[in-house]
Amino acid sequence: MDKITRTDEEWRRLLTEEQFRVCRQGGTERPFTGRYCNSHEPGLYRCICCGAPLFHSRQKFDSGTGWPSFVAPVSEDAVTEHRDLSYGMIRTEVRCARCDAHLGHVFDDGPPPTGKRYCINSVCLQLQQDSD
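Attention in this report is confined to the structure presented alongside it. (Residues numbered from 1 in each chain as written. Predicted model: local features only at pLDDT ≥ 70, side-chain atom pairs only at ≥ 80, totals over all residues. Heavy atoms only, no water.)

1. Looking at the overall build of the protein
- The number of helices and strands found in the protein is 2 helices and 9 strands.
- Put simply, the protein runs from its N terminus to its C terminus through helices and strands in the order α-α-β-β-β-β-β-β-β-β-β.
- Over its C-alpha atoms the protein spans a radius of gyration of 14 Å, differing by no more than 12% from the 14 Å that the globule rule assigns to 132 residues.
- Along the first, second and third principal axes, the C-alpha set of the protein runs to 45 × 40 × 30 Å.
- Measuring between centres, the 17 positive side-chain charges of the protein sit 2 Å from its 19 negative side-chain charges. (Helix = DSSP H or I, 4+ residues; strand = E, 2+ residues; numbered from the N terminus. Rg over C-alpha atoms; globule rule 2.2 N^0.38 Å. Lys, Arg positive; Asp, Glu negative; His and termini not counted. Charge placed at Lys NZ, Arg CZ, Asp CG, Glu CD.)

Below you can see the structure in the form of structure tokens.
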């Protein structure tokens, strides 16, 4: 997969203000406000910035945290993980491997089989629904 690199000006033209704030500046949407927080539609969640496949609805679960949560990405190379020391906490940031968009964070308190909770901002995602 080829990396995508754009200037802030280019990203601003392609994204909404909220998408830019979260995806490109590392922001967070308010809990329980995101489009996909309570979504149960089957399909593939893609990066809003570059369209790369990130998570599948089969891996989604209700964590009660206010953000869409997944036990695993669609593949090991779909996302990258980075140490995040912001706000006086030690967390692991999750980014799109293709365009480096900030997606959210991953925690070690998820359900089996992975024990992971990928806590992802809805504004970073676009659901491509499964066709029957």
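2. Section: the packing of aromatic side chains
- Per the stated rule, a full pass over the model turns up 4 aromatic pairs.
- For the ring pair Tyr36 and Tyr45, a centre distance of 5.2 Å and an interplane angle of 80° mean the geometry is edge-to-face.
- For Tyr36, a relative accessible area of 4% corresponds to the buried category.
- A relative accessible area of 0% means that Tyr45 is categorised as buried.
- Three or more aromatic residues link up through ring pairs in this structure, and these residues are Tyr36, Tyr45, Phe55, Phe70 and Tyr118. (Phe/Tyr/Trp six-rings, centres within 6.5 Å; stacked < 30°, edge-to-face > 60°. Buried < 20%, exposed > 50% of the residue type's maximum accessible area, 1.4 Å probe, protein only.)

3. Things to note about the sheet that holds strand β4 (residues 69–70)
- Reading across from one edge, β3-β4-β8-β7-β6-β5 is the order of the 6 strands in this open sheet, with antiparallel pairing throughout. Each end of this open sheet is capped by a strand with a single partner; those strands are β3 (60–61) and β5 (79–84).
- One ladder, built from 2 bridges, connects β3 with β4; its direction is antiparallel. In the strand pairing of β4, Lys60 is matched with Phe70. (Pairing = 2+ DSSP bridges.)

4. Here we look at the pattern of salt bridges
- Applying the stated criterion to the full structure yields 6 salt bridges.
- Close ionic contact of Asp84 with Arg91 constitutes a salt bridge, the shortest N to O distance being 3.4 Å.
- The salt bridge involving Glu93 is made with Arg95; its shortest N-O contact spans 3.2 Å.
- Residue classification places Arg95 among the partly exposed positions, given a relative accessible area of 24%. (Salt bridge = Lys/Arg side-chain N within 4 Å of Asp/Glu carboxyl O.)

5. Points about helix α2 (residues 17–24)
- Taken residue by residue, α2 has Gln19, Phe20, Val22 and Cys23 as its buried positions.
- Each element contacted by the buried residues of α2 is listed here: α1 (8–14) and β7 (102–107).
- A positive backbone phi angle near 75° is found at Gly26, which sits one or two residues after α2. (Contact = heavy atoms within 4.5 Å.)

6. A few points about the pairing of β5
- One ladder, built from 6 bridges, connects β5 with strand β6 (residues 91–96); its direction is antiparallel. Directly across from Arg83, in β6, lies its bridge partner Thr92.
- Hairpin connection, β5 to β6: the antiparallel pair is bridged by 6 residues, and Tyr87 has positive phi, about 60°.

7. A closer look at the nonpolar core
- Ranked by size, the top nonpolar core spans 29 residues in total, and within it Cys96 and Cys99 carry the most contacts.
- Every residue in contact with Cys99, bar those within four places of it in the chain, is listed here: Ile4, Trp11, Arg24, Cys47, Cys49 and Cys50. (Core = buried A, V, L, I, M, F, W, Y, C linked by side-chain atoms within 4.5 Å.)

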